[in-house]
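Summary of the model geometry
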Amino acid sequence: MFFFITFLIFINNNKITSSGITQNFSFASGLSLNSLLILEPSYQEPKYIEYHVLVHLTIKFDYLFFKEVRNNYKIGFGLALGDSINVSAMGGYGGIGTYITSAILLSGLLPGFIYTFFQQRCFMNRLFQKITFVNLIGSDYENKYALIEVGLNAEFVFFFYEFQFFISPNFFIGFLKYTTSWMFLNVKGEIINISHIIGGFFEFGINVTPYRNYDNFFINIGVEYRVGSIK
């Protein structure tokens, strides 16, 4: 978190902005499907395996910056800070579990919702900070770009009874397009260029918490949309 804030302050320095680096700050929301695998010690077997499918909603802030290395190709890196909230799960209720847990949540029966996730040992919340290596390929003239990110998440994963620490390699591929907004012309005295990014991502989470009683792994796939400003 400290690195994220320090970096935002640093890259807004005029010397960096004037050196040909393009900055992009955006707000993102997304939907993902997360498969959680729990390996727990058992007296009868070396490991007892539980498997759950979780549905997550994610809100995050992204900061990317690029430097052009040749025509139609830019490289850079990005930072993101986000929160991924679990809204339903399949597991203890079988294949229709995602509908049942969603209904419990939407009906306002929060104690029942908490009990369900506690019994299934599913995590509710993932706070993460991500750093990525970024490639931007496309044409300024046509205003069409492909965005490829390869990075690593450092995550605090909150269960109802504890929190654990995960490391998650991730991959994102999407498309970027710029539009012009006149909305803030009278407020800031300048036209704002708006960036739109839509794409899909893949993550593989590994539990690296020391002294844990069981292992956790997850595979997370989903889509996200980012909207922000270009500088």
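Residues numbered from 1 in each chain as written. Predicted model: local features only at pLDDT ≥ 70, side-chain atom pairs only at ≥ 80, totals over all residues. Heavy atoms only, no water.

This brings us to the environment of Ile131. Looking at the element boundaries, Ile131 is found in strand E4 (residues 125–139). With a relative accessible area of 41%, Ile131 lands in the partly exposed category. Along the sequence, Ile131 and Pro169 sit 38 residues apart, while their C-alpha atoms lie 10.0 Å from each other. (Helix = DSSP H or I, 4+ residues; strand = E, 2+ residues; numbered from the N terminus. Buried < 20%, exposed > 50% of the residue type's maximum accessible area, 1.4 Å probe, protein only.)

For the rest of this paragraph, the subject is the pairing of E4. Here E4 lies mainly inside the structure; 11 of its 15 residues are buried. Pairing geometry for E4 and strand E5 (residues 144–158), over 15 bridges, is antiparallel. Within E5, the position partnered with Phe133 by the bridge is Val150. Between E4 and the antiparallel strand that follows it, E5, lie 4 residues; Asn143 among them carries a positive phi value of about 60°. (Pairing = 2+ DSSP bridges.)

Its place among the elements puts Ser168 in strand E6 (residues 163–181). When its relative accessible area of 0% is taken as the criterion, Ser168 is described as buried. Polar contacts involving the side chain of Ser168 include one to the side chain of Glu155, which spans 3.4 Å. (Polar contact = N/O pair within 3.5 Å; in protein donor to acceptor, adjacent residues only side chain to side chain.)

We describe a pair of aromatic rings using the distance from one ring centre to the other and the angle between the two ring planes. Evaluated as defined, the whole model comprises 9 aromatic pairs. Geometrically, the ring pair formed by Tyr145 and Tyr178 is edge-to-face, given 5.6 Å between the ring centres and 65° between the ring planes. Separated by 33 residues along the polypeptide, Tyr145 in strand E5 and Tyr178 in strand E6 bring together distant segments of the chain. Taking the relative accessible area as the measure of exposure, Tyr145 reaches 7% and is therefore buried. Here the guanidinium or amino end of Arg226 rests over the ring plane of Phe172, the centre of that ring lying 4.4 Å away. (Phe/Tyr/Trp six-rings, centres within 6.5 Å; stacked < 30°, edge-to-face > 60°. Lys NZ or Arg CZ within 6 Å of the ring centre and 35° of its normal.)

Core analysis: the biggest nonpolar cluster contains 12 residues, these being Leu64, Phe66, Val134, Leu136, Tyr145, Leu147, Phe172, Leu176, Tyr178, Ile197, Phe201 and Ile230. Secondary-structure elements contributing two or more residues to this core are strand E2 (48–70), E4, E5, E6 and strand E7 (192–207). Top element by residues in this core is E6. It accounts for 3 residues. Discounting residues that sit within four places of it in the chain, Val134 has contacts with Leu64, Phe66, Lys74, Ile75, Gly76, Phe77, Gly78, Leu147, Ile148 and Glu149. Counting residues in hydrophobic clusters, the runner-up holds 10 residues, among them Cys122, Val157, Tyr214 and Phe218. (Core = buried A, V, L, I, M, F, W, Y, C linked by side-chain atoms within 4.5 Å. Contact = heavy atoms within 4.5 Å.)

Scanning the entire structure with this criterion turns up 8 salt bridges. The salt bridge partner of Lys60 is Glu224, with a shortest N-O separation of 3.2 Å. Here Lys60, found in strand E2, pairs with Glu224, found in strand E8 (residues 215–230); they are 164 residues apart in sequence, far enough to count as distant. Accessibility expressed as a relative area gives 3% for Lys60, which makes it buried. Glu224 sits in the buried class, given a relative accessible area of 8%. Here Arg226 and Asp62 are joined by a salt bridge, their closest N and O atoms 3.7 Å apart. You can see Arg226 sitting in strand E8 and its partner Asp62 sitting in strand E2, a full 164 residues away along the chain. Like Arg226, the residue Asp62 is buried in the burial classification. Among the charged side chains, a network of salt bridges with common partners joins Lys60, Asp62, Lys130, Glu149, Glu224 and Arg226. (Salt bridge = Lys/Arg side-chain N within 4 Å of Asp/Glu carboxyl O.)

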